[in-house]
Amino acid sequence: MKRRDFLRKSLLAATGSMILGGGIMKAVENLNTKNSSRMKIVVLTGSPRRNGNSAYLAEQFIKGAQEKGHEIYRFDCAFKQVEPCRACNRCGMDGPCVIKDDFNELRPHLIAADMVVFATPMYYFGISAQMKRVIDRFYAINGQIKGHYKKAAYLMTYADTAKKEAEPMLLHYRTLMEYLGWESVGEVVASGVWTAGSIRNTRYPEQAYQLGKSL
Ligand SMILES: Cc1cc2nc3c(=O)[nH]c(=O)nc-3n(C[C@H](O)[C@H](O)[C@H](O)COP(=O)(O)O)c2cc1C
């Protein structure tokens, strides 16, 4: 090869690898940025009304979060077979549960989650029994979720309009977050919604959407 050809080829090769190198670096950077900000989010819904108000808040939250590229795992507590905790203590609060049911589907998602969202109607000033049943089964994975940082959010609906009536549910949620060591990043407290779907004409779905979008 003539010296001139050699120099031209070397220069081309060097330029090529710089471009390629730069491209790869950029791709890796993008991948890293995406991976580090992409969260695994578990959304628990608690209403037996598929098209109810809290389900609609959950959907709006999911829409916003998905637009930001987050991964959603939704678990509709009222449509799953999850028995209440038997308090047998065989799990020792950190082990396999003796009950074999749909909680086993949720279990690995909860442990791996970066964020957990609770979307529930108010039933007699508390969260729905359908959701509470699932939360009580956290007992068997307590050791794997307590003190393991996660974000959390609360989406709650009720028919009355008195703010005071939402307090027991808010206190329960906040106390649970404090116990688990999770950080609550938002609460949507939707009052004055009774019939299924009545929430659609309120400002709350937008709040849930913006919460998802803000992540
Ligand atoms: C069993 C039951 C108990 C309820 N208890 C309350 C209550 O204590 N206070 C209240 O304001 N609304 C109460 N409601 C109304 C629901 O909280 C309200 O309709 C809510 O928007 C339902 O949400 P969903 O459509 O997601 O099921 C109750 C409804 C049911 C079915």
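Residues numbered from 1 in each chain as written. Predicted model: local features only at pLDDT ≥ 70, side-chain atom pairs only at ≥ 80, totals over all residues. Heavy atoms only, no water.

A. Here's a closer look at the overall build of the protein chain. Counting secondary structure elements, the protein chain contains seven helices and six strands. Here the protein chain, with 215 residues, has 40% of them falling under the buried criterion. Across the protein chain, the fraction of contacts at a sequence separation of at least 24, relative to all contacts at a separation of at least 6, is 79%. As displayed, the protein chain offers around 12,200 Å² of accessible surface, 56% of which is attributable to carbon and sulfur atoms. (Helix = DSSP H or I, 4+ residues; strand = E, 2+ residues; numbered from the N terminus. Buried < 20%, exposed > 50% of the residue type's maximum accessible area, 1.4 Å probe, protein only. Contact = heavy atoms within 4.5 Å. Areas by Shrake-Rupley, 256 points an atom, 1.4 Å probe, with all protein chains shown as cover.)

B. Looking closely at the pairing of strand β3 (residues 115-123). Along β3, eight of the nine residues are buried, which leaves the element largely enclosed by surrounding structure. In this sheet, β3 lies alongside strand β1 (residues 40-45) in parallel orientation, the contact comprising five bridges. Each bridged residue has a counterpart across the sheet, and for V43 the counterpart in β3 is V117. For β3 and strand β5 (residues 151-157), the ladder comprises seven bridges, and the chain directions are parallel. For M115, the partnering residue across the bridge sits in β5 and is K151. As paired elements, β3 and strand β4 (residues 126-127) share two bridges and run antiparallel to each other. Residue pairing in the sheet places M122 in a bridge with I127 of β4. (Pairing = 2+ DSSP bridges.)

C. Spatial organisation of the environment of A112. If you trace the backbone, A112 turns up in helix α3 (residues 103-112). When its relative accessible area of 39% is taken as the criterion, A112 is described as partly exposed. Considering only alpha carbons, one finds A112 and K150, 38 residues apart in sequence, at a separation of 9.4 Å. Look past the residues within four positions of A112 in its chain and what remains in contact with it is K40 and K150.

D. Just the packing of aromatic side chains, in detail. Tallied over the entire structure, the rule returns two aromatic pairs. Consider the rings of F118 and Y173, whose centres lie 6.2 Å apart with planes at 65°: the pair is edge-to-face. One end of the pair, F118, is in strand β3; the other, Y173, is in helix α6 (residues 167-180), with 55 residues separating them in the sequence. Just as F118 is buried, Y173 falls in that class too. Relative to Y173, the ring of Y154 lies with its centre 4.3 Å away and its plane at 5°, an arrangement referred to as stacked. With a gap of 19 residues between them, Y154 in strand β5 and Y173 in helix α6 connect regions that are remote in the sequence. (Phe/Tyr/Trp six-rings, centres within 6.5 Å; stacked < 30°, edge-to-face > 60°.)

E. Broad picture of the pairing of β1. With five of six residues buried, β1 lies mostly within the body of the structure. Relative to strand β2 (residues 71-76), β1 runs parallel, the two sharing six bridges. Across the sheet, the residue bridging to L44 is F75, located in β2. The handedness of the β1 to β2 crossover, carried by helix α2 (residues 53-67), is right-handed. (Right-handed = clockwise from strand over helix to strand, strands pointing away.)

F. The arrangement of helix α4 (residues 129-136) in detail. Within the span of α4, buried status applies to Q130, M131, V134 and I135. Across the axial projection of α4, the buried residues extend over an arc of 135°, all falling on one side. The inward-facing, buried residues of α4 contact β1, β2, α3, β3, β4 and α6. (Arc of directions from axis to C-beta.)

G. Inspection of the side chain of T45 at higher detail. Mapped onto the elements, T45 comes out in strand β1. If we skip the residues at most four places from it in the chain, T45 touches A58, R74, F75, D76, C77, A78, A119 and M131.

H. Structural view of the site of the ligand. The local shell around the ligand holds 16 residues, among which S47, N53, S54, M122 and V193 are the closest. Within the contact set of the ligand, an oxygen atom lies 2.5 Å away from a side-chain nitrogen or oxygen of S54. For the shell around the ligand, the leading source of residues is β3, giving three residues. (Near = heavy atom within 4 Å. Polar contact = N/O pair within 3.5 Å; in protein donor to acceptor, adjacent residues only side chain to side chain.)

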